[in-house]
Amino acid sequence: VRIVDACGSTNAEMMREARAGGPGGQVLAAEVQWEGRGRLGRSWHSGLCNALTFSLLWRTESPASALSGLSLAAGVAIVRALRRHAVNAQLKWPNDIVYEERKLGGVLIEVQGAGHESCAAVIGVGINTRLGAETRRRIDQAATDLTEAGGNIRTRSDWLAAILIEIAAVLDRFARAGFAPLQREWDGYHAHAGRPVELTLPNGERMRGIAAGVDEAGRLLLATGSSTRAVMSGDVSLRASA
Ligand code: ATP
């Protein structure tokens, strides 16, 4: 584990490391990150020492196509760690950690190495520990932090250790059997279980339905009238509907 004072994006650094052939199992954490990324080119905001921002380089024998459920698996690991330390966190499909409907953190997976051979995945995690007013102003949705959520760990290093322990266990499992053995646990943490949601697809099309959980590959099961559709995360955004 390497902790640096400042970094543009820990994911970008670890992707460089992946391309350069660096070993798996490395973690890079930053006290402050000024170009944190979300999905779809969005930004992840954080200020000096007010969040846990780190990325883990994971090398796997599996091809990139087998990693579709990896961000959900990482979410399971994070929720396990947070719940162990008094934060009753939940998961919003596909990649958010939430607490009482407010966003606490997120996971961003980037993969290096396409095709059928083994590949490297960079698992990026951002979790708010104590949001400052300035960071809050920049976030355009309801957000919260581990302090507000009642977490009983005080230092970011201890949060990092607690989360890495769970991620290591989940990755062992994922390497052997993929997302399937974690599916039921994910469903148990699902913030929108049985609730009406609206999905926005990459072409702007909207789909409404009831969020019925996820399947063995981590696709969202959306019940619409008489049928249930399995939706790949890809570039899809989910919001609760009224
Ligand atoms: P989706 O449902 O499509 O995943 P998302 O809003 O969760 O949407 P992400 O790409 O996961 O999108 O995360 C980026 C978004 O998260 C930003 O557009 C912003 O709304 C929000 N955000 C950015 N920084 C923070 C933060 N520190 N805490 C909470 N939310 C944040």
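Residues numbered from 1 in each chain as written. Predicted model: local features only at pLDDT ≥ 70, side-chain atom pairs only at ≥ 80, totals over all residues. Heavy atoms only, no water.

What should I look at first to understand the overall build of the protein in this one?
Within the protein one finds five helices and twelve strands. A globule of 242 residues ought to have a C-alpha radius of gyration of about 18 Å, and the protein, at 17 Å, matches this closely. Carbon and sulfur atoms make up 48% of the accessible area of the protein, which amounts to about 11200 Å² in all. Here the protein carries 28 positive and 25 negative side-chain charges, and the mean point of each set is 3 Å from the other. (Helix = DSSP H or I, 4+ residues; strand = E, 2+ residues; numbered from the N terminus. Rg over C-alpha atoms; globule rule 2.2 N^0.38 Å. Areas by Shrake-Rupley, 256 points an atom, 1.4 Å probe, with all protein chains shown as cover. Lys, Arg positive; Asp, Glu negative; His and termini not counted. Charge placed at Lys NZ, Arg CZ, Asp CG, Glu CD.)

How do you make sense of the pairing of strand β1 (residues 2-7) when you look at a structure like this?
A regular strand carries its side chains on alternate faces of the sheet. Pairing analysis gives five bridges linking β1 to strand β2 (residues 27-33), with the strands arranged parallel. The residue bridging Val4 from the neighbouring strand is Ala30, located in β2. For the crossover that starts at β1, traverses helix α1 (residues 10-19) and ends in the parallel β2, the hand is right-handed. (Pairing = 2+ DSSP bridges. Right-handed = clockwise from strand over helix to strand, strands pointing away.)

Can you help me understand unusual backbone geometry in this one?
Outside of glycine, negative phi angles account for most residues, and trans bonds account for most peptide bonds. Cis peptide bonds are those with omega within 30 degrees of zero, and the linkage from Trp93 to Pro94 qualifies with 0 degrees. Looking at where Pro94 falls in the secondary structure, it is placed in the loop between β4 (90-92) and β5 (96-99). One non-glycine residue, Cys49, lies in the positive phi region at around 55 degrees. Tracing the chain through its elements places Cys49 in the loop between β2 and β3 (51-60). The class of Cys49 is partly exposed, set by a relative accessible area of 39%. Phi angles above zero are rare outside glycine, and Ala86 is one such case at about 80 degrees. Take Ala86: it is sitting in the loop between α2 (70-84) and β4. A residue is classified by how much of its surface remains accessible, and Ala86, at 46% relative accessible area, is partly exposed. (Buried < 20%, exposed > 50% of the residue type's maximum accessible area, 1.4 Å probe, protein only.)

I would appreciate a short explanation of the site of the ligand in the present structure.
As a structural note, the neighbourhood of the ligand is formed by 18 residues, with Arg39, Lys92, Lys103, Asp140 and Ser237 the closest of them. Residue Asn128 places a side-chain N or O atom 2.9 Å away from a nitrogen atom belonging to the ligand. The separation between an oxygen atom of the ligand and a polar side-chain atom of Asp140 is 2.4 Å. Look at the ligand: alone it shows 620 Å² of surface, and the protein chains cover 96% of it. With three residues, strand β12 (residues 237-240) is the single largest residue contributor to the shell around the ligand. Here the residues of the shell around the ligand are counted per class, giving four nonpolar, seven polar and seven charged. (Near = heavy atom within 4 Å. Polar contact = N/O pair within 3.5 Å; in protein donor to acceptor, adjacent residues only side chain to side chain. Nonpolar A, V, L, I, M, F, W, Y, C, P; charged D, E, K, R; others polar.)

What should I look at first to understand the sheet that holds strand β8 (residues 196-200) in this one?
Two pairing modes exist for strands in a sheet, parallel and antiparallel, and in both the strands are linked by backbone hydrogen bonds. The strand order across the open sheet formed by five strands is β11-β10-β9-β8-β12, and the pairing between neighbours is antiparallel. What marks the edges here is a single partner per strand, and that holds for β11 (227-231) and β12. The sheet shows a mean angle of 45 degrees between the axes of neighbouring strands, direction not considered. Inspection of the sheet shows strand β9 (residues 206-214) paired to strand β10 (residues 220-224) by three bridges, in the antiparallel sense. Residue pairing for β10: Val214 is matched across the bridge by Leu220. (Axes fitted to C-alpha atoms, helices over the stretch in contact; angles between N-to-C directions.)

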